[in-house]
Amino acid sequence: MLLKSNPSDLLHSLAELTGLIDRDDLAASLCLTLFEMMQADSMDFYRVFHRTKQLPSLHLLVEFDQQGIRQHSIEQLRSKHPQAPIAPDGFLASALHNNGALAIDPSGFRVILCLRRETELYALLDLTLSRGLSPADLRMLQGFVRIYENHIALLDYGETDTLTGLLNRKTLERQFLKIVTALQNLPSSQALQQNNRDTGSAYFFLVVLDIDHFKRVNDKFGHLFGDEVLLTVSQIMRQSFREIDYLFRFGGEEFVVILGPQTRESVGTALNRFREAVAAHEFAQIGTITISGGITDIRPYEVLSITLGRADLALYAAKDGGRNQMMFFDTLPESEIESGSDELF
Ligand SMILES: Nc1nc2c(ncn2[C@@H]2O[C@H](COP(=O)(O)OP(=O)(O)OP(=O)(O)O)[C@@H](O)[C@H]2O)c(=O)[nH]1
């Protein structure tokens, strides 16, 4: 027996769901709708992260039970408990690895729905009920899952750069704001704001990456070869960074990465590993290329242009210093910061 079986309630829920563009809000709205519709006892929404050469991990984003909803955005999860995946119970683990659309436990009172993005598993929805599900309930659940998947596909389309498939510049602004807001809500935000940083602690970092002498590639081999280099560099980025890091094509031959929370040292290690992977790649006809980067931490109460400005100054220093290197803003001499700031801000 469905609680929300009347068509106007369903239409209203669908209109709400498809009007959202924030993925955390979308997950919460899907849970709310299904929780009420199915009269569930509890419901958990897990985001699945796939890491190269490792088993996929689960992060709990929404918990829903008789006490109400508890929502955890990826940014909050990341700032409070860096990379703390959930250890799934046996049923959840089998749903994660079986690659089906749906799993129902033998009692019939627990069901796990697999939500996909293209062909890859994107999220798991774990519902516990006090009754078994009818075939009509299952059809309804699967219909909502398909609408959710289609909406995610449309969001992806609007958020990605067409050549590289990385996130686009418009999405950088929205994502940056989310991270800054999460940082503002941390107890230590005052210390971060006052530049009172401990180098062993974890922070969010923003990096601007720029291919060295890219104009020469275009001039000598043509734009099609140039585009091929951009595509390959974006693939090396995907292989080098973690799935929860944000990778953007900022424009032209510039990329932005947001990493965190991580220590300054591990950010340096990750970026140099990426830089070496680019330098080691043999491009057909072109040979090898190199990449430089400027790195800065992300501070609460700051707008994107200021953070980008610091990373750009570090990038200019990396280019000036001979290219094929990653430079932290906080290692620049005062004189370089002052003269660069006059030009940038
Ligand atoms: N193929 C291709 N080229 C692009 C694209 N966007 C920008 N470019 C080219 O990227 C080049 C950027 O060159 P510059 O900014 O002068 O710098 P650079 O040659 O990379 O030299 P440094 O950054 O100083 O190492 C220009 O030739 C642009 O035309 C694109 O989408 N595709």
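Cut-offs used in this document
Residues numbered from 1 in each chain as written. Predicted model: local features only at pLDDT ≥ 70, side-chain atom pairs only at ≥ 80, totals over all residues. Heavy atoms only, no water. Helix = DSSP H or I, 4+ residues; strand = E, 2+ residues; numbered from the N terminus. Axes fitted to C-alpha atoms, helices over the stretch in contact; angles between N-to-C directions. Parallel < 35°, antiparallel > 145°, perpendicular 65-115°, else oblique. Left-handed = near helix turned anticlockwise from the far one by under 90°. Contact = heavy atoms within 4.5 Å. Nonpolar A, V, L, I, M, F, W, Y, C, P; charged D, E, K, R; others polar. Near = heavy atom within 4 Å. Polar contact = N/O pair within 3.5 Å; in protein donor to acceptor, adjacent residues only side chain to side chain.

Here we come to unusual backbone geometry. Although it is not a glycine, Glu118 sits at a positive phi angle of roughly 50 degrees. In this structure, Glu118 sits in the loop between strand 5 (110-117) and strand 6 (120-128). Of note in the backbone geometry, His213 takes a positive phi value of approximately 50 degrees without being a glycine. Within the element layout of this structure, His213 appears in the loop between strand 7 (203-211) and helix 8 (214-221).

Attention now goes to the packing of helix 9 (residues 223-240) against helix 10 (residues 264-280). Interaxial distance between helix 9 and helix 10 falls to 10 Å at its minimum, and their mutual angle equals 140 degrees. Considering their axes alone, helix 9 and helix 10 lie oblique with respect to each other. Handedness of the crossing formed by helix 9 with helix 10: right-handed. Taken together, the residues of helix 10 that come into contact with helix 9 (itself represented by Val233, Ile236, Met237 and Ser240) are Arg273, Phe274, Ala277 and Val278. Partitioned by chemical class, the residues of the contact of helix 9 with helix 10 number six nonpolar, one polar and one charged.

Around the ligand lies a shell of 16 residues, among which His213, Phe214, Asn218, Asp227 and Arg249 are the nearest. Within the contact set of the ligand, an oxygen atom lies 3.0 Å away from a side-chain nitrogen or oxygen of Asp210. At 2.8 Å, a backbone N or O of His213 approaches an oxygen atom of the ligand. Listed by contribution, the elements that provide at least two residues to the shell around the ligand are strand 7, helix 8 and helix 9. For the shell around the ligand, the leading source of residues is helix 9, giving four residues. Among the residues forming the shell around the ligand, the class breakdown is three nonpolar, five polar and eight charged.

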